[in-house]
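# Structural features, examined
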Amino acid sequence: MNFRIFYLPLALVLSACSSTPPQSNIQANSSQQSIVNQADDVATELRFTENLNSLLAQISQSQEIPLPVLESGFVDAKTIPSIRKLVLPPSGAFKKNWLVYRKRFIEPVRLKAGKAFWDENQAFLSQVEQESGVPAEIIVAIIGIETIYGRQTGNFRVKDVLFTLAFSYPETPNKPAREQLFKEQLKELILMCWTEAGGKLPAINSSQGVNGTRFNSCLNQNSSYAGAIGLPQFMPSSIRNYAVDGDGDGRIDLRQSPKDAIASVGNFMKKHGWQAGMPVSFPVQGNAIPAAKELADGEPQLKYTVQDLIEKGILTQQQGDIQAGGVEPQSKALIVDLPYPDKDGSDQVQYFVGLNNFLSIVQYNRSYFYAQSVAEFAEALGYKNQSVVPVEKIESPAKSVSPKSTSEKVNSKKAHSKKKSKPA
């Protein structure tokens, strides 16, 4: 649910993560090392609390959870005024800057940490890659960009964040819809914490078997300014729908368990359409910038076939050849435009052709800047942005086919799936 680069339709806004602030808020957020929950005036806070209690009553009724338990978990909940500033869109004078954004994430500290994380979790990363089809480099890149492998997971209490955004969202044109989305996330948080504490759903009006301390600890855990949790910065709904127990200890812990985080990112990407063995994006040919500009509309939809883009000179013939590391000519793609001002302040744009896997990364975080940064971070770790699927050799009908020739394959997938050495 990142607002930092461009705005997508409302139905697309909430994704896996909401960790990284808008570029206009980067400096303000990074300087906040310790957050004090400063509530609004008493009368305003009372009104928000009444609204919260109404939501808790609805959840209690629909899930048959004892209401006193829910009320006890939120008795100290407060709104955080500073969060309202962090979720505001950039001002009209703000210029998107792909080069600054890229430099912030693809830099020596994160890359060094990524190589260390890879080294520590190499065997498990290989296992998840085999099971999900998502390259280890992509998983490592996502966790690195999100939190530098757990170094920056947020310092707000998640229940306060969601309470604030559900009932006290800043005055913007889409305020009612945004508040509704965060009410849903608050509900997801409660249900997530209830089951994590040992509760069943529906609870049949009983708290038997529920560990109250664990329930409250879950509600009070730290999150980003938008309610994203743990190493991969999953929203509560994504935790409930896509997070998995990677280390096999019987519970999901995205804050302390790298294996849970790795497996959950792989599962999220797989569930959102990641195609194993396929590249993420291709650069646009230099002499085809005008053609790419004409097709770039900012809509995250696969509209054009690769063959169409080859015919327009935007891609090369090789990029439409799966045996040469490209994709099938009829594969769908979109034009990705990444704007930045040059040294004179003039608007410039770098163009890419986004493929299916690019759009899968966009499902994780609704930003073209983010998705291309993940791809380039992964390449810096050794990811080969090309197809690695097995392709059967097709013999000419005029030739006789021996048993040996019918079984011959270019089994590059098998070669790719071998245990990888850590990146240099």
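What you see is a predicted model, and the numbers here were worked out from it, not measured in a lab. (Residues numbered from 1 in each chain as written. Predicted model: local features only at pLDDT ≥ 70, side-chain atom pairs only at ≥ 80, totals over all residues. Heavy atoms only, no water.)

## Regarding helix α7 (residues 122-132)
Those residues of α7 lying buried are Gln122, Phe124, Leu125, Ser126, Val128, Glu129 and Ser132. Immediately beyond the C-terminal end of α7, within one or two residues, lies Gly133, with a positive phi of roughly 85°. (Buried < 20%, exposed > 50% of the residue type's maximum accessible area, 1.4 Å probe, protein only. Helix = DSSP H or I, 4+ residues; strand = E, 2+ residues; numbered from the N terminus.)

## Examining the packing of aromatic side chains
The full count for this structure, using the stated rule, is 13 aromatic pairs. Its end group placed over the ring of Phe74, Lys159 keeps NZ or CZ at 5.9 Å from the ring centre. (Phe/Tyr/Trp six-rings, centres within 6.5 Å; stacked < 30°, edge-to-face > 60°. Lys NZ or Arg CZ within 6 Å of the ring centre and 35° of its normal.)

## What to know about the side chain of Thr147
Relative to the assigned elements, Thr147 resides in helix α8 (residues 136-147). Judged by relative accessible area, Thr147 falls into the buried class, the value being 0%. Looking at Thr147, its side chain comes within polar contact range of the main-chain nitrogen of Gly150, at 3.0 Å. Discounting chain neighbours no more than four positions away, the residues touching Thr147 are Gln152, Thr153, Gly230, Leu231 and Gln233. (Polar contact = N/O pair within 3.5 Å; in protein donor to acceptor, adjacent residues only side chain to side chain. Contact = heavy atoms within 4.5 Å.)

## Observations concerning the pattern of salt bridges
A full pass over the atoms with the stated rule returns 14 salt bridges. With a shortest N-O distance of 3.1 Å, Asp347 and Lys95 are connected by a salt bridge. With Asp347 in strand β6 (residues 347-354) and Lys95 in the loop between α4 (81-86) and α5 (98-105), this pair connects stretches of sequence that are 252 residues apart. Residue classification places Lys95 among the partly exposed residues on the basis of a relative accessible area of 41%. Close ionic contact of Glu299 with Lys303 constitutes a salt bridge, the shortest N to O distance being 2.8 Å. On the basis of relative accessible area, Glu299 is assigned to the partly exposed category, the value being 36%. Within the structure, one salt-bridge network assembled from shared partners comprises Asp76, Arg157, Lys159 and Asp160. (Salt bridge = Lys/Arg side-chain N within 4 Å of Asp/Glu carboxyl O.)

## Quick word on the sheet that holds strand β5 (residues 332-341)
Across the sheet, which stays open at both edges, the 4 strands sit in the order β3-β6-β5-β4 with antiparallel pairing between neighbours. Of all strands in the sheet, those with a lone pairing partner are β3 (281-283) and β4 (304-305), marking the two edges. In this structure, β3 lies alongside β6, joined through 3 bridges in antiparallel fashion. Bridging across to β6, Phe282 finds its partner in Val353. In the packing of helix α17 (residues 368-380) onto the sheet, contacts are made with β3, β5 and β6, and the angle to β5 comes to roughly 100°. (Pairing = 2+ DSSP bridges. Axes fitted to C-alpha atoms, helices over the stretch in contact; angles between N-to-C directions.)

## Points about the nonpolar core
Of all hydrophobic cores here, the largest spans 97 residues; its most connected members are Ile138, Ile143, Phe234, Met269 and Tyr364. If we skip the residues at most four places from it in the chain, Ile143 touches Phe117, Ile148, Tyr149, Leu231, Ala261, Ile262 and Val265. (Core = buried A, V, L, I, M, F, W, Y, C linked by side-chain atoms within 4.5 Å.)

## A look at unusual backbone geometry
In this structure, the amide linkage connecting Leu201 to the following residue, Pro202, adopts the cis form with an omega of -5°. When you line up the elements, Pro202 lands in the loop between α10 (175-196) and α11 (212-219). Despite not being glycine, Tyr149 shows a phi value in the positive range, around 60°. Looking at where Tyr149 falls in the secondary structure, it is placed in the loop between α8 and β1 (156-157).

## Describing the packing of α7 against helix α13 (residues 258-271)
In contact at an axis separation of 10 Å, α7 and α13 are set at 20° when each is read in the N-to-C sense. By the angle between their directions, the pair α7 and α13 is classed as roughly parallel. Classified by chirality, the crossing of α13 by α7 is right-handed. Residue-level inspection shows Phe124, Leu125, Val128, Glu131 and Ser132 of α7 in contact with α13, the latter providing Lys259, Ile262, Ala263, Gly266 and Lys270. Within the contact of α7 with α13, the residues separate by chemical class into 5 nonpolar, 2 polar and 3 charged. (Parallel < 35°, antiparallel > 145°, perpendicular 65-115°, else oblique. Left-handed = near helix turned anticlockwise from the far one by under 90°. Nonpolar A, V, L, I, M, F, W, Y, C, P; charged D, E, K, R; others polar.)

## Some remarks on the layout of surface pockets
Taken as a whole, the second largest pocket spans an internal volume of roughly 320 Å³. Met192, Thr195, Glu196, Ile239 and Ile252 are the residues nearest the centre of the second largest pocket, which is lined by 14 residues in total. Counting only elements with at least two residues in the lining of the second largest pocket, the list comes to α10 and α12 (236-242). With 3 residues, α10 is the single largest residue contributor to the lining of the second largest pocket. Looking at the lining of the second largest pocket residue by residue, the classes come out as 5 nonpolar, 3 polar and 6 charged. (1 Å grid on protein atoms, 1.4 Å probe; cavity = no way out; pocket = protein on both sides within 12 Å on 5 of 7 lines; lining within 4 Å. Points joined across faces, edges and corners; volume = space filled by probe spheres on them.)

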